[in-house]
Amino acid sequence: MIAAAHFHGIELDPRDYAGNREAAAPSAAALSAWLQDAGLWAKAVRLRWRDLIGLRETGPVVLFLRDGGAALMVGADPARNLVGVKSPDWPAGAEAIAVDQLRLEQVWSGDALLLRSKRARSSAEAPFTLGWLASLVLRERRLLRDIGVASLTLSFLTIFPPLLVMTVVDRVLTHHSYSTLVLLGALLAIATVFETFLGYARRLIVLIVGTRLDAKLNLHVFNRLLRLPLDYFERHPAGETMHKIAQVYKVREFLTGKLLTTFLDLMTLVVLLPFLFFLNPFLAGLVLACSALIMLVILAFLRPMRSSFAEVIFAETEKASVLGETVFGIKTIKSLALEPQRNALWDDRVADVGTSRLAFGKLANWPQTLITPLERFMSIGLVLIGAYMALEDSTGYAVGALFAFMMLSMRVAQPLVALARLIEDYEGVALAIVEAASVLNRPPEADAVSGGLRPRFAGAVSFEDVSFTYAGTRLPALDRVAFEIPAGTMLGIVGRSGSGKSTLTRLLQGINRDYTGSLKIDGNDVREINLRHLRQSFGVVLQENFLFRGSIRDNIIAGRSGLVLSDVVNASRLAGAEEFIERMPNGYESLIEEGSPNLSGGQRQRLAIARALITDPRILILDEATNALDPESEALLNANLLRIASGRTMVIVSHRLSSLVDSDQILVLDNGRAVDIAPHDVLLDRCAIYRQLWSQQNRSQDHQGHIHVAPAFVGSR
Ligand SMILES: Nc1ncnc2c1ncn2[C@@H]1O[C@H](COP(=O)(O)OP(=O)(O)OP(=O)(O)O)[C@@H](O)[C@H]1O
């Protein structure tokens, strides 16, 4: 497998494998998870010989053998029914041997691992445009062809009833021909059965295309969303993002709904128009002229409707952000009793949407109004003209043709009008695409999944003259910061609010990468390290941590492969969470509800610490992680801190200096500058800012202590 990954330019390190090491042989699924983590696309599959021989241009495929070993398939020759296989034990340049079906099936279990480089510009990277979406639809070529064939056949069948009516009027009624009537009846019955069946099949295939497209889109959209940088989510309300993403489905609906049906109806036109001209060229010409007029009316209103619709979309987005903000910030809203203000804001937004929708509706009403007389003329006016022509006709056959024409003319007009409407709808869809693209086409985090170095970390960090300014601000959040953290040591970071403590940890995690200066981990520039690898090597606990719905055990494992309950227990013990988890009725299987209302802030925090510790990260960042803890939990955690720290680099940002006194070094930041770095005692001696922070806190602790003691003292007297 290492060889297969090498083929795709990824160097795997067996020490990173996180699967169950006690198992006799690694499972295909665990190996697939490992490869995915390493930035490859990998899929464990069960294959037959037939499938295997068809895999010619995919690069090496890992085949799992019955004895627990593995072999590498490096090529296939369908003409000779042979595959080229190599053993992993062979030297690098060794030739593959050709194996036939019989010999391979004696040793091969049927399981295989397909892998592919993610570096190739895959469809996930293609920008979100109508063209891209259309290419997704067109990929369903076979199904579309079936739909096309069904539609064309149906078009021919639509000519049948009018023809029938024409014959009945002209021949049966005129010549009293019963036998023709019976024959026509039988033909009609057959055609109806055929039409019913075809109609059913066509609707079914359209449904299948739509469903497949939805599944692909869902995967694509979610993938893109997860790859957006954190920056984006910090700057945009969640409601707005969700609203914009929802526009994708509008576009999809348009593509497989109106666009497809109009296109299919236009196919009908190709069959029907010549027939109409055959029946009555003059009336057919009138139908076309009316349709053209309708199209012109609609096109004339396109421009003003476009700008009016843009206002609707803007108002809708604003409304969605208020809704999102309210739902996400409901705790604050309730606790500060801000409901009336939110209601007022919501009222405003709803009113804006109402006003813009009304303006758009009024405008859209105009083309509709102008079109109505034209449509009426097409349906009724043509009958009158046709009747006049039939009266004037001396052959007697014009009546049947008139009936047939009436039956068909609306079927011709409909797709033409629908085509014009389609252009109108396209305005909305184009805006929806812009909306969705404004989220989906943002540059994703650079090399988030593939590319970059994957070194094994020891944990030595060095900042050399690192400066960083957030986009849109003038003053640097970090200003020429320089310091070093030797591997395996504990660094405390202190400083006043806004001094740049969190920014520093963000740079370390690669969240913000456009800094100047050099930031290295074990001598490797952070920007050159693969982002996913970098973050997997870190454990991070923030002040507010999100717990997912599910059991405590699942939350601590968080889907990472190769972890078992004993790992969960160890991590929980280290985080000081074991005791409260075991007191819960279902222990590690206790369910955490959405937003974890059934846990206290301190308990949530300790679970988050266990979740960060379970992978045994080389570098652990605690960013104000103990701030939410009650004194008892904090004491418990602080007591464990030295044990947690053993063997890893720790970076602890904390306002409570007392929890940092044991750190090997404490970095003092002020206004983005590194003022001093030294152990606690030295800083107390020589750093004025540190001394000030220390004395402020000790004074406030004394003060608090006094308040707590007094009532007890009074009570005991
Ligand atoms: N996403 C952001 N966009 C713009 N400016 C930011 C952003 N995050 C932080 N800042 C600014 O950068 C500076 C440093 O912020 P930072 O969060 O690193 O400080 P801190 O020391 O962690 O503060 P605190 O102790 O209050 O958490 C502040 O002036 C802040 O206003």
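Residues numbered from 1 in each chain as written. Predicted model: local features only at pLDDT ≥ 70, side-chain atom pairs only at ≥ 80, totals over all residues. Heavy atoms only, no water.

Taken in spatial order, the six strands of this open sheet run β12-β15-β16-β9-β17-β18, and their pairing is mixed. Because the sheet does not close on itself, it has two edges, and the strands there are β12 (538–541) and β18 (673–678). Strand-to-strand twist of the sheet, defined as the mean angle between neighbouring strand axes without regard to direction, takes the value 15 degrees. Bridge analysis of strand β9 (residues 490–495) against strand β16 (residues 649–653) gives four bridges, and the strand direction is parallel. The residue of β16 that forms the bridge with Leu491 is Val651. Helix-sheet contacts for helix α20 (residues 601–613) involve β12 and β15 (619–623), and the interaxial angle to β12 is about 175 degrees. (Pairing = 2+ DSSP bridges. Helix = DSSP H or I, 4+ residues; strand = E, 2+ residues; numbered from the N terminus. Axes fitted to C-alpha atoms, helices over the stretch in contact; angles between N-to-C directions. Contact = heavy atoms within 4.5 Å.)

Right, let's talk about the environment of Ser335 for a bit. Following the sequence through the fold, Ser335 ends up in helix α12 (residues 330–335). Note on Ser335: relative accessible area 59%, which makes it exposed. Side-chain polar atoms of Ser335 contact the backbone oxygen of Lys331, separated by 2.8 Å. Polar contacts involving the side chain of Ser335 include one to the main-chain carbonyl oxygen of Thr332, which spans 3.2 Å. (Buried < 20%, exposed > 50% of the residue type's maximum accessible area, 1.4 Å probe, protein only. Polar contact = N/O pair within 3.5 Å; in protein donor to acceptor, adjacent residues only side chain to side chain.)

A positive phi angle, close to 50 degrees, is found at Ala337, a residue other than glycine. Turning to its location among the elements, Ala337 is positioned in the loop between α12 and α13 (339–392).

Right, let's talk about the sheet that holds strand β8 (residues 478–485) for a bit. Taking strand neighbours across the sheet as the criterion, the four strands line up as β8-β7-β10-β11 in an open arrangement whose pairing is antiparallel. What marks the edges here is a single partner per strand, and that holds for β8 and β11 (524–525). Here two bridges tie strand β10 (residues 516–521) to β11, and the two strands are oriented antiparallel to one another. Bridge pairing in β11 links Ile521 to Asn524. Across the sheet, helix α15 (residues 501–508) is in contact with β7 (461–468), β8 and β10; its angle to β7 comes to roughly 115 degrees.

Once that is clear, we can look at the nonpolar core. Membership of the largest hydrophobic core comes to 48 residues, with the highest contact counts inside it found for Leu607, Met650 and Tyr690. Tallying contributions element by element places α20 first for this core, with six residues. Setting aside chain neighbours within four positions, we find Met650 in contact with Thr489, Met490, Leu491, Leu620, Leu622, Leu641, Ile644 and Ala645. Counting 39 residues, the second largest nonpolar core, distinct from the first, contains Met166, Leu402, Val412 and Leu416. (Core = buried A, V, L, I, M, F, W, Y, C linked by side-chain atoms within 4.5 Å.)

With that settled, consider the pattern of salt bridges. Enumeration over the complete set of coordinates arrives at 22 salt bridges. Notably, a salt bridge pairs Asp146 with Arg145, separated by 3.3 Å at the nearest N-O pair. Residue Arg252 pairs with Asp214 through a salt bridge whose shortest N-O separation is 2.8 Å. A residue pair is termed long-range when its members are at least 10 positions apart, and Arg252 in helix α9 (residues 238–279) and Asp214 in helix α7 (residues 178–227) qualify at 38 residues. Look at Arg252 and you get buried, because its relative accessible area is 13%. The network of salt bridges with shared partners includes Glu140, Arg212 and Lys216. (Salt bridge = Lys/Arg side-chain N within 4 Å of Asp/Glu carboxyl O.)

What follows concerns the side chain of Asn530. Assignment of secondary structure puts Asn530 in the loop between β11 and α16 (531–536). Taking relative accessible area as the criterion, Asn530 reaches 0% and is therefore assigned buried. Looking at Asn530, its side chain comes within polar contact range of the main-chain nitrogen of Arg532, at 3.0 Å.

Two elements in contact, helix α11 (residues 302–328) and α13, have axes separated by 9 Å at closest approach and are oriented at 160 degrees. Relative to α13, the element α11 lies roughly antiparallel. In the packing of α11 onto α13, the handedness of the crossing is left-handed. (Parallel < 35°, antiparallel > 145°, perpendicular 65-115°, else oblique. Left-handed = near helix turned anticlockwise from the far one by under 90°.)

For the ligand, the set of nearby residues contains 15 residues, the closest of which are Ser497, Gly498, Lys501, Ser502 and Thr503. Within the side chain of Ser502, an N or O atom sits 2.7 Å from an oxygen atom of the ligand. Protein contact buries 64% of the 640 Å² of open area that the ligand shows by itself. Taken together, the elements giving at least two residues each to the shell around the ligand come down to α8 (230–235) and α15. Per element, the largest residue contribution to the shell around the ligand is three residues, and it comes from α15. (Near = heavy atom within 4 Å. Areas by Shrake-Rupley, 256 points an atom, 1.4 Å probe, with all protein chains shown as cover.)

Taken residue by residue, the protein gives an average pLDDT of 80. The fraction at 70 or more is 87%. In the model, residues 703–717 has pLDDT below 50 throughout and makes zero contacts with residues more than four positions away in sequence or in other chains. (pLDDT = per-residue confidence, 0-100.)

This part takes up the pairing of β16. For β16, the tally of buried residues reaches five of five residues, placing the bulk of the element in the interior. Note that β15 and β16 share five bridges and pair parallel. Bridging from a neighbouring strand, Ile621 pairs with Val651 of β16.

Our focus in this paragraph is the packing of aromatic side chains. Taken as a whole and judged by the stated rule, the model has seven aromatic pairs. With 5.2 Å between their ring centres and 80 degrees between their planes, Tyr232 and Phe233 make a pair best called edge-to-face. Between Phe463 and Phe483 the ring centres are 4.7 Å apart and the planes differ by 15 degrees, which places this aromatic pair in the stacked class. Here Phe463 is found in strand β7, whereas its partner Phe483 is found in strand β8, with 20 residues between them in sequence. The exposure class assigned to Phe463 is buried, which follows from its relative accessible area of 2%. For Phe483, a relative accessible area of 5% translates into the label buried. (Phe/Tyr/Trp six-rings, centres within 6.5 Å; stacked < 30°, edge-to-face > 60°.)

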